[in-house]
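Chain by chain, the residues:
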Amino acid sequence: MNAVDSARMLSLMSSADYLAAATLEEADLVLLNTCSIREKADQKIYSDLGTLRRWKQRRPGRLVGVGGCLAQQDGEALRKRAPYVDIVFGTHNIANLPEMVRRAERRLPTLALGMEEEMTHWDVVPYLPAGAVSAMVAIMQGCDNFCAYCVVPLVRGREVSRPAEGILSEVRALTDRGVMEVVLLGQNVNSYGKKEGEIPFPELLRRISAIEGITRIRFITSHPRDLDDRTIRLFEEMETLCPHVHLPLQSGADRVLEAMGRGYTRGEYLARIDALRKVRPGMAFSSDFIVGFPGETEDDFRETLAVMGEIRFDSSFSFRFSSRPGTRAAEMKEKVDPQEAASRLRRLQELQAAHTRERLTAQIGRQVTVLAEGASARDPGTLCGRTACNKTVNFTPGGGEGALRSVLVTGAGTHSLVGEERSSDV
Ligand code: SAH
Ligand code: SF4
C-alpha cells in the first residue's frame, strides 16, 4: 500500500514539474513515506531522519517531508522530535503534496493530518516505470477489522472501497502501456464494495479479467474469514486468476486467534485451504505469522508449527509481536518474554525455510510460464520473472519474444528457481 502511495507521490510531483533526483546529494527535497506497522519500522525512520538533519545542514534551502503511517500516528510529536522536518502529511493528504512543497519553499511549515478528506488521491495514477509488465492497483483503503495487535485501522482509517469504474479505467490504462499482470491491493479485499454497495469482489475480478491484455490477476490481502465460496469457485473458471493465495493465518491456536480477534478458527482456515486446493490442485499458499502475541504459550506456538506442517506454505512473512500504541493488545498484561518470542520466531522461520525448499525443489524438471519483468539483478545476461504460482525464476533466455516465456526449471535456491528458456513442445 505504501509502495502504491509512493508511486502516486512521484507522479504528482512530476506533473508539478519536479524532477526525480538520482542521488541524495543531488536532491533539494526528500520525502519519506513511512510505515508504523511494527516498532522496528518506526525506529528506522527516526534514525533516517537523523541522517537527513545533517543532509539539510550541508546546503541551505533543502527540504524534508514525512508522510504515511508514522506521520499520521505521531503527527505533532514527530514535529517536536524532529523540528527540522518541513512537511508532515498523513495517509489521506497525498493529493495536496505539490501544494505543501510549494508552501515549504516559502518557509511555511505544513502539518496535514486530516482523515476526513475526500479520497482525492485515488485517481492519481501511480508512476509506472517504462516497460513494466506488472502493476499494483489499490482497490480499497483502511480497515474495519481492528485485529487486537494492529495499528492499520488507526493510521489508515476506516475501510473505504474505491468505485469500480475508477479501478477498471486504471487497469485499461495500464494495459495500454503494456501491463499484463495486476495485483489488486486492500487490507481485506474480500469485503470490497460491501459498505458502499459497489459490485462484489468476484464481479470486480470478472470485469478486470475481461479487459483485453490482462493475462494475470493477483490480489492481496485476503482475510480467511471473508474469503467466500464464490471467490473460491472463480479459481476454477477464471484462468487469469493466478494459483497463489496469500492468506494470513497469524497463529495456529484457536485461543490466540480469538484473543487477536481474527474471527476464524484453525479448522475454518484449513477448510478454506482444502476448498482452494480442490478447485486448483497445486495452488501455492503464503501466510503471515505473529509469534509471541500476549498470552501465547509454548503449546499454542506448537499448534502454529503443526498447522504449518499440515499446509506446507510456499512462503511466509513472520514477525515477533510488536506492541502498537492505541491497540487492544498493547493493554494486554501477559506479555511473552522477548527472548522467548525471538526463539519462537527462529524456530518458525527454520521450519518455513524447510517447507520453502521442499516446494521449490518440487518444481525442478517442470516446464513453467514465466512473466519476465527484466534482466536479473545478479546476472544481466539472464532474465528474471515470476511463475503464476508467484515463484521467482532467473533464467537464460532462449530466443523467445515478449514477456511471457516458457522455461524449464533446472534448479532451486533458497527463495527462487533457476531455469532455461525452452519452447514447451521440445
Ligand atoms: N490486512 C492484512 C495484514 C496487513 S499488516 C491481514 O489482515 O492479513 C501485515 C502483517 O503484519 C500482518 O498480517 C501481521 O502478520 C503483521 N503485523 C501487523 N501488526 C503487527 C504487530 N503489532 N506486531 C507484529 N506483527 C504485526
Ligand atoms: Fe490489521 Fe487485521 Fe485489518 Fe489486517 S485485517 S489490516 S491485520 S486490522
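Look up a bit, the structure's there.
For the structure given in this document, a descriptive report is provided here. Only a predicted model underlies this, so the values are computations on that prediction, with no experimental measurement involved. (Residues numbered from 1 in each chain as written. Chains lettered and ligands numbered in written order. Predicted model: local features only at pLDDT ≥ 70, side-chain atom pairs only at ≥ 80, totals over all residues. Heavy atoms only, no water.)

**Overview of the site of ligand 1**
Applied cut-off: One heavy atom suffices: a residue is near a molecule or strand as soon as one of its heavy atoms comes within 4 Å of it. For this analysis, a polar contact is any N or O atom pair within 3.5 Å, provided that within protein one partner can donate a hydrogen and the other can accept it, and provided that sequence-adjacent residues contribute only side-chain to side-chain pairs. Labels follow the DSSP assignment, with helices taken as runs of H or I lasting at least four residues and strands as runs of E lasting at least two, numbered in each case from the N terminus.
With respect to spatial proximity, 15 residues lie near ligand 1, and among them Arg38, Gln187, Gln250, Asp288 and Ser322 are the closest. Between ligand 1 and Gln187 there is a distance of 2.8 Å, counted from a nitrogen atom to a side-chain nitrogen or oxygen. For the shell around ligand 1, the elements supplying multiple residues, two or more each, are β11 (284-291) and β12 (315-320).

**A word on helix α6 (residues 164-176)**
What counts, and what does not: The span expected for a helix works out to 1.5 Å for each residue beyond the first. Buried residues are those whose accessible area, probed at 1.4 Å on protein chains only, stays under 20% of the maximum for their type, while exposed residues exceed 50% and partly exposed ones sit between those limits. The contact criterion used is simple: two residues touch if any of their non-hydrogen atoms lie within 4.5 Å.
With 13 residues, α6 ought to run about 18 Å at 1.5 Å a step, and its terminal C-alpha atoms sit 18 Å apart, in line with that. Of all the positions in α6, only Ala164, Gly166, Ile167, Leu168, Glu170, Val171, Leu174 and Thr175 are classed as buried. For α6, the secondary structure elements touched by its buried residues are β5 (134-138), β8 (181-185) and α7 (201-209). Trailing α6 by a residue or two, Gly178 shows a phi angle of about 100°, which is positive.

**Some thoughts on the sheet that holds β8**
The line we're drawing: Two strands pair under a simple rule: DSSP has to find at least two bridges between them. Helix axes are fitted to C-alpha atoms over the stretch in contact, other axes to C-alpha atoms as well, and angles between N-to-C directions run from 0 to 180 degrees.
What the three strands build is an open sheet, ordered β5-β8-β9; its pairing is parallel. Looking at the sheet topology across the chains shown, the edges are occupied by β5 and β9 (216-220). For this sheet the average axis-to-axis angle between neighbouring strands, irrespective of direction, equals 20°. The sheet contact formed by β8 and β9 spans five bridges and is parallel. Directly across from Leu185, in β9, lies its bridge partner Ile220.

**Some words on the nonpolar core**
Where a protein is soluble and globular, its nonpolar side chains tend to be buried together. Keep this limit in mind: Within this scheme, the nonpolar core is defined by two criteria: the residues are buried Ala, Val, Leu, Ile, Met, Phe, Trp, Tyr or Cys, and they are joined through side-chain atoms within 4.5 Å.
Core analysis: the biggest nonpolar cluster contains 53 residues, and Val182 and Leu184 have the highest contact counts within it. Each residue touching Val182, except ones within four places of it in the same chain, is listed here: Ala135, Val137, Val171, Leu174, Ile208, Ile214, Arg216, Ile217 and Arg218. Formed by 17 residues, the second largest nonpolar core is a distinct cluster that contains Val30, Ile45, Tyr46 and Ala82.

**Here's the deal with the site of ligand 2**
The line we're drawing: Note on residue classes: Ala, Val, Leu, Ile, Met, Phe, Trp, Tyr, Cys and Pro are nonpolar, Asp, Glu, Lys and Arg are charged, and everything else, Gly too, is polar.
Around ligand 2, the neighbouring residues are Cys143, Asn145, Phe146, Cys147, Tyr149, Cys150, Val152, Pro153, Gln187, His223 and Arg262. For the shell around ligand 2, a count of residues per class yields seven nonpolar, three polar and one charged.

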